[in-house]
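Close look at the chain arrangement
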Amino acid sequence: MSLKDSLLGLLIISIWGFNFTVIAWGVEDLPPLLMGAGRFLLVASIGSLFVRKPDIPWKWMAAYALTLCFGQFAFLFSAIAFGMPAGLASIVLQSQALFTIVIAVLVLNEKINPVQILAIMIAGIGLTVIGASKSETEMTAIGFAFTLASASSWGLGNVMNKKINQLGYKANVGLVVWSAWVALIPFIIASFIFEGSEAIYESIVNITWPAIGALLYLAGAASIIAYSLWSYLLQHNSASQVAPLTLGVPVVGILCASYFLDEKISEGQWWGIALVMVALLINTFAGRLKNVLALRQAQGE
C-alpha cells in the first residue's frame, strides 16, 4: 500500500472512530430514530446528485438497506441514547465480524474453521466480561443489548453484501447512497411509532446547530466521503491489506470518547476489550498466516 493510500486509510479510521462521539452529541438533541432518518435523508439526497444508481435490483438494495443501514444504525443510535458509552460501543460493535461468520454459515452454508470457532469463543468471553463488569462511566443493560443487536444487523448486512457480489453486482458506494432511500422509510415509520409525532415536530422546529453538525458529519463524512475512500482503497489494493484497517476504528473511538466525552473504562472492561481485540486479530490474521506458511512449505518442497 502506497504512502498516499496509507494516509487515506488513516483518515477513514479517524472519521469512523470519531463517528461514535458525534452520535453521542447528536442524540443529546435529537431522538435516535429521527436522527437516523435525517442521516439517510441527507445521504440519499446529496449522494444521488453525484453517484449514479447502481445496476442492482431493488429487492437486493432493500435487503441491504434493512439490515446494514436501518438495523445497524437504528440499534446503534438507540444504544447510545439509552446509556451505552460511545467508546465501548465502538469496541462491542466490532463483534460484527464474528456475527458475520455465524450468519454466513447459516445463510450461505459457508464452512467454519477451527480458528474462527476459537475467535468466536474468545470474543464471547470478552463481551460477557464487558457486560458483567462494573462501569466507571455508566453503561445500561439495554444499551449493551442494543449494541449487540446493531452488530448482528451489521453482520447480516455483510452477508447480504456478499450475496449481492456473488450475483455479479458491484456493492460499492453507489449501493450505500441509493439504498439510503429505502432505509429512510423504516426510520420514519419507526420514529413515528416509538418517538411520536410531537417529539418529531419539536425536534425539527427547535433543531440546534450541534444537531445539524452531527447530521452533516454522519451523512457527509462518515457515509459518503469515508465509503467513497474505502471503495477507492479496495479498488487499488488487496482486501487483505485494506480490511485490517478497521481494527483501528475502536482505538480512535475510545480515545475520542475519553477526550471529548470524558468517558472512563473500568479495569474489568479493559480486560473484556482486550479479549475482543485478540479475537478480532485471530480472525483477521491467523487464517492468512496459515496460508502463507502452507505456500512457503509447498515452495520449499
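For the structure given in this document, a descriptive report is provided here. None of the values given here were measured: they were computed from a predicted structure.

**Observations regarding a nonpolar patch on the surface**
On the surface, V102, L106, V107 and L156 cluster together into a nonpolar patch covering about 330 Å² of accessible area. With three residues, the top contributor of residues to the nonpolar patch is helix α5 (residues 96-107).

**Considering empty space enclosed by the protein**
Summed over all chains, the structure comprises two cavities of 30 Å³ or more. Roughly 70 Å³ of internal volume is contained in the largest cavity. Lining the largest cavity are R39, F40, V43, Y64, L68, C69, F73, V176, S223 and Y227. Counting only elements with at least two residues in the lining of the largest cavity, the list comes to α2 (32-50), α3 (58-81) and α10 (209-236).

**Concerning the packing of α5 against helix α7 (residues 141-166)**
Packing of α5 against α7 leaves a shortest axis separation of 8 Å and a crossing angle of 50°. With respect to their mutual orientation, α5 and α7 come out oblique. Two packed elements cross with a definite hand, and for α5 against α7 that hand is right-handed. The residues of α7 that touch α5, namely those facing Q96, F99, T100, I103, A104 and V107, are L148, A151, S152, W154, G155, L156, N158 and V159. Of the residues assigned to the contact of α5 with α7, the class counts are nine nonpolar, five polar and no charged.

**So, unusual backbone geometry**
With a phi angle near 60°, N109 is a residue other than glycine that sits in the positive phi range. Along the polypeptide, N109 turns up in the loop between α5 and α6 (114-132). Given a relative accessible area of 66%, N109 falls into the exposed group. Look at D262: it is not a glycine, yet its phi comes out positive at around 55°.

**A few points about the packing of aromatic side chains**
In the structure shown here, the tally under the stated rule is 13 aromatic pairs. Linked through ring pairs, F18, W25, Y217, Y259 and F260 together constitute an aromatic cluster. Across from the ring centre of F40, 5.5 Å away, lies the NZ or CZ of R39, which sits over that ring. In this structure, R39 is placed above the aromatic ring of F73, and the distance from its NZ or CZ to the ring centre is 4.1 Å.

What counts, and at which threshold
- Residues numbered from 1 in each chain as written.
- Predicted model: local features only at pLDDT ≥ 70, side-chain atom pairs only at ≥ 80, totals over all residues.
- Heavy atoms only, no water.
- Patch = residues over 30% accessible without salt bridge, like charges linked within 9 Å, V, L, I, M, F, W, Y side chains within 5 Å.
- Areas by Shrake-Rupley, 256 points an atom, 1.4 Å probe, with all protein chains shown as cover.
- Salt bridge = Lys/Arg side-chain N within 4 Å of Asp/Glu carboxyl O.
- Helix = DSSP H or I, 4+ residues; strand = E, 2+ residues; numbered from the N terminus.
- 1 Å grid on protein atoms, 1.4 Å probe; cavity = no way out; pocket = protein on both sides within 12 Å on 5 of 7 lines; lining within 4 Å.
- Points joined across faces, edges and corners; volume = space filled by probe spheres on them.
- Axes fitted to C-alpha atoms, helices over the stretch in contact; angles between N-to-C directions.
- Parallel < 35°, antiparallel > 145°, perpendicular 65-115°, else oblique.
- Left-handed = near helix turned anticlockwise from the far one by under 90°.
- Contact = heavy atoms within 4.5 Å.
- Nonpolar A, V, L, I, M, F, W, Y, C, P; charged D, E, K, R; others polar.
- Buried < 20%, exposed > 50% of the residue type's maximum accessible area, 1.4 Å probe, protein only.
- Phe/Tyr/Trp six-rings, centres within 6.5 Å; stacked < 30°, edge-to-face > 60°.
- Lys NZ or Arg CZ within 6 Å of the ring centre and 35° of its normal.

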